[in-house]
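In case you want the letters, here they are:
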Amino acid sequence: MGRRFFGQAGTGLLCASDNASVEECAVCFNGSCPEAGKEDMVSRRKIVFGAAALVLVVALFLVKSYANGVAAQNVNDTIARMSKIVDVGYEDVSMNLLNQDVTISNVSIAPKGTSKAIDISRVVVKDFDQRSAIPAFLSMSLEGVRMNPETIGVSQNDLQKFDIKGNVPYDVVVDYRYNVGKKDFQVNELSFDVKEIGKVKLNMHLGSVFLDANNYFEFLARYPNIQMIDAEIAYDDYSLVERIIAAEAKKKNKDPKDFKKEILKDIDQEIKSENDTSMKQNLEAMRDFVDSQKHISIKISPESPVTVQQIMQSNFDIQRIRKLLNLKIKS
């Protein structure tokens, strides 16, 4: 008997043996034929899976390319809206398909009318309200920010007093959310991490905040009614306190270690003469920070929300503000 074919003509499904019966050919067609038939089916499956994987890779590439294109268009649209205020340039835009973070590389920002640009290695946008003129929510980080200190009115001579040379890079994190209906403004994080200097981090909860890009006068009118619900500012020192002590000691022609001891002694005297328990604890925290030069935080947690108007009416008296805001210092 010659080699048998089973199935439609031209399918190329061969039986394992030239002498195979029709029944054996049927078994082979179902993917259960022994030896050569099995090897043939495995090869076909590999080809199918390989082709599917290739299609998936190509599809992901196309989706990523489209996503990057959309991200780039959104960035360009945002830059266009800012063009009257600043000049912005960048090298590349990409989107992470898993978490949809948009990364903008090598960004340059220069305020109109000046050549002093701010350079940023990477901007990572995690969440951003594109619909509102004033974004109702924003979560982003700026990595490797470098700027000329003179842009913010600080000269190189001012920095050299604290032994800070050149444009020290720093990182910035901005994460906030505004509830339009409740007029509630929550700053989850606003931080500046300056390499080898220190890091300051703020979180804050405000109430009765009126934000409307088309009505700035309404914001100004309601500004006194903004409520401070709670807030905390924390500072981690890398070397700034030591630099300040050294700079002040140099002015007085004193040894930095001796000058530090004098500062601690003065704080000790304040602690002894202070009768208010809360204030005494704050002074003790400040002393610990100056001595250890590590971490300090100022926490505001009033018993009930305090308005801007109430703070202004205190004439900015430190003791009154401390009690009004229930201000506490910890180290």
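We now turn to the structure provided with this report.

**So, the overall build of the chain**
Within the chain, the secondary structure is distributed over nine helices and 12 strands. Every one of the 331 residues in the chain was classed for burial, and the buried ones make up 29%. Residue pairs in contact within the chain that sit at least 24 positions apart in sequence constitute 47% of those at least 6 positions apart.

**Looking at the pairing of strand S9 (residues 227-237)**
Where strand S8 (residues 198-207) lies against S9, 10 bridges are found, and the strand directions are antiparallel. Along S9, the bridge assignment pairs Leu206 with Met228. Direction of pairing for S9 relative to strand S11 (residues 306-307): antiparallel, over a ladder of two bridges. Note that in S11 the partner of Gln227 across the bridge is Thr307. Pairing of S9 with strand S10 (residues 295-300), which is carried by six bridges, proceeds in the antiparallel orientation. Paired with Tyr235 across the bridge in S10 is Ile296.

**With respect to the pattern of salt bridges**
One pass over the structure, following the stated rule, counts 10 salt bridges. A salt bridge links Arg177 to Asp127; its shortest N-O distance comes to 3.2 Å. Within this pair, whereas Arg177 is found in strand S6 (residues 170-179), its partner Asp127 is found in strand S4 (residues 118-128), the two being separated by 50 residues in sequence. Among the ionic pairs, Lys161 bridges to Asp158, the shortest N-O distance being 4.0 Å. Owing to a relative accessible area of 55%, Lys161 belongs among the exposed residues under this scheme.

**Re the environment of Arg287**
Assignment of secondary structure puts Arg287 in helix H7 (residues 277-292). On the basis of relative accessibility, which here comes to 22%, the residue Arg287 falls in the partly exposed class. It is 6.4 Å that separates the C-alpha atoms of Arg287 and Ile267, two residues lying 20 residues apart in sequence.

**Details of unusual backbone geometry**
Positive phi values are uncommon outside glycine, yet Glu196 reaches one of about 65 degrees. Residue placement: Glu196 occurs in the loop between strand S7 (184-194) and S8. For Glu196, a relative accessible area of 63% puts it in the exposed group. With a phi angle near 55 degrees, Asn253 is a residue other than glycine that sits in the positive phi range. By the secondary structure assignment, Asn253 is in the loop between helix H5 (240-251) and helix H6 (256-273).

**What to know about H7**
Every α-helix winds through 3.6 residues per turn, so residues three or four apart in the chain are directed the same way. An ideal rise of 1.5 Å per residue puts 22 Å on 16 residues; H7 measures up with 22 Å between its terminal C-alpha atoms. Considered for burial, the residues of H7 that qualify are Met279, Asn282, Leu283, Ala285, Phe289 and Val290. The buried residues of H7 occupy an angular sector of 155 degrees when projected down its axis, which confines them to one face. In this fold, the buried residues of H7 make contact with S9, H5, H6, S10, helix H9 (318-325) and strand S12 (327-330). Among the residues trailing H7, Gln293 stands out with phi positive, at a value near 55 degrees.

Reading the values: the criteria
- Residues numbered from 1 in each chain as written.
- Predicted model: local features only at pLDDT ≥ 70, side-chain atom pairs only at ≥ 80, totals over all residues.
- Heavy atoms only, no water.
- Helix = DSSP H or I, 4+ residues; strand = E, 2+ residues; numbered from the N terminus.
- Buried < 20%, exposed > 50% of the residue type's maximum accessible area, 1.4 Å probe, protein only.
- Contact = heavy atoms within 4.5 Å.
- Pairing = 2+ DSSP bridges.
- Salt bridge = Lys/Arg side-chain N within 4 Å of Asp/Glu carboxyl O.
- Expected span 1.5 Å × (residues − 1).
- Arc of directions from axis to C-beta.

Note that all results are geometric; they support no functional claim without further evidence.
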